[in-house]
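Coordinates in review
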Amino acid sequence: MGERAVNSSPVAAISPVQQMLASGTGALLTSIFVTPLDVVKIRLQAQQTPFHQASAAEAAPWGGVIRPSKWKCFLYCNGLMDHIYVCQNGTSCTSWYKTPTHFSGTLDAFVKISRHEGLRSLWSGLPPTLVMAVPATVIYFTCYDQLRDFLRYGLGFQGNHIPLVAGGLARLGAVTVISPLELVRTKMQSRRLPYSELRACIRSAVAQDGLLSLWRGWGPTVLRDVPFSALYWFNYELVKARLCEQHQTTQANVSISFTAGAVSGAIAAILTLPFDVVKTRRQIQLGEMDTLGVTLKRTSSTWHIMKEIWAELGYRGLFAGFMPRVIKVAPACAVMISTYEFGKAFFQKMNLDRE
């Protein structure tokens, strides 16, 4: 499985810049597709416990409701990354929570938001999150392809473990680069600072809590995202190869990539769900701390949070939100990877035509 082999470079290889363009396009399309689903989810969530009733309610944030006793934060996902949106003093923090319209369900919410607030409201919050999500996705996908090809064609390793190793390492690098930026973005939003104050905000965070504080929450993110990526790419390459065999083709088309992406995304989402539950809880905790201006000197470890959830809710607590996560992750992975593969095939053909 880990044997070496002498290989030539991949046929019609594309440049890192072309990989970046392909992954950036995929990131944009994925965000445009998934964002309305999460905007509706947040509006329905906010409706369940309005601000004026929040003080009377109490629930566990890992149970699928984001700490309704305070309603300080919303966890928002554009299909590529999770982002915290911070609310202060029970006021509207985003355009997601700007009208008291009552929704009877998901479809009703889509119809009423489109009719009364305009179609653009379904993409509320998209531009700010793209500032983080697109660069993170470009780094991640480009690093994966470069690492995979280096292991296969540079070092001559062969085997099914190559995508697993390359996927895990690529995600580790992307998370490490983006994690401080996401933390600073949350701080700036909670304090209502303009982006011109970015440097001052970073200096203040480092002066107050030290340089490593910029990576607070890095651990739970890595524990979820790195295994997810390793499993995703491992299964994706296997499913794609099997589908190509069945269709008797050497190169995957869009439908093969879409199917393989959805299947592998669903498998990885299910297997890493406990880590997603813990990461969600930590994100909400950190967001609320920033809102209140509180510094937590000692944070709970991932293992400690898991034990708390197990003690209160049992194993079901660690797998809370099973269906919503799969419904969101599977199509997001399918759209992202099929767009990325299409973009790569386009540039491969363009490079061959030039030659």
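Okay, so let's go over this structure. Per-chain numbering applies: the sequence of each chain, read as written, is numbered from 1 onward. In keeping with the model being predicted, local features are shown solely for residues with a pLDDT of at least 70 and side-chain atom pairs are shown and tallied solely at 80 or more, while totals for entire chains, interfaces and linings include all residues. Only hydrogens and water are removed before side-chain values are computed, so all heavy atoms of the structure are retained for them.

1. Observations regarding the overall build of the protein
Cut-off, in case you're wondering: Helix and strand assignments follow DSSP, with helices taken as H or I runs no shorter than four residues and strands as E runs no shorter than two, numbered in order from the N terminus. Throughout, a contact is declared for two residues whenever any of their heavy atoms are within 4.5 Å. For every accessible area listed, the method is Shrake-Rupley and the probe measures 1.4 Å; residues are considered covered only by the protein chains on display.
Of regular secondary structure, the protein possesses eleven helices and two strands. Long-range contacts, defined as pairs at least 24 residues apart, comprise 77% of the intrachain contacts of the protein with a sequence gap of at least 6. Accessible surface, the protein: about 17,400 Å² in total, of which carbon and sulfur atoms supply 63%.

2. Considering the pattern of salt bridges
For clarity, the cut-off: Every case where a carboxyl oxygen of Asp or Glu lies within 4 Å of a side-chain nitrogen of Lys or Arg is listed as a salt bridge. Only protein chains enter the calculation, and the probe is 1.4 Å; a residue is then buried if its accessible area is under 20% of its type maximum, exposed if over 50%, and partly exposed in between.
Tallied over the full model, the rule gives eleven salt bridges. In this structure, the salt-bridge partner of Asp145 is Lys344, at a minimum N-O distance of 2.9 Å. Taken as a pair, Asp145 in helix α3 (residues 126–154) and Lys344 in helix α11 (residues 322–354) lie far apart in primary sequence, 199 residues in all. Residue classification places Asp145 among the buried residues on the basis of a relative accessible area of 1%. Here Lys344 falls in the buried class, since its relative accessible area comes to 10%. Asp225 serves as the salt-bridge partner of Arg171, at 3.7 Å between the closest nitrogen and oxygen. Note that Arg171 is positioned in helix α4 (residues 161–190) and Asp225 in helix α6 (residues 218–246), a separation of 54 residues in sequence.

3. Some remarks on the environment of Leu273
You can see Leu273 is positioned in helix α8 (residues 273–292). Assessed through its relative accessible area of 2%, Leu273 is described here as buried. Put simply, Leu273 and Val326 are 53 residues apart on the chain and 9.4 Å apart in space, counted from C-alpha to C-alpha.

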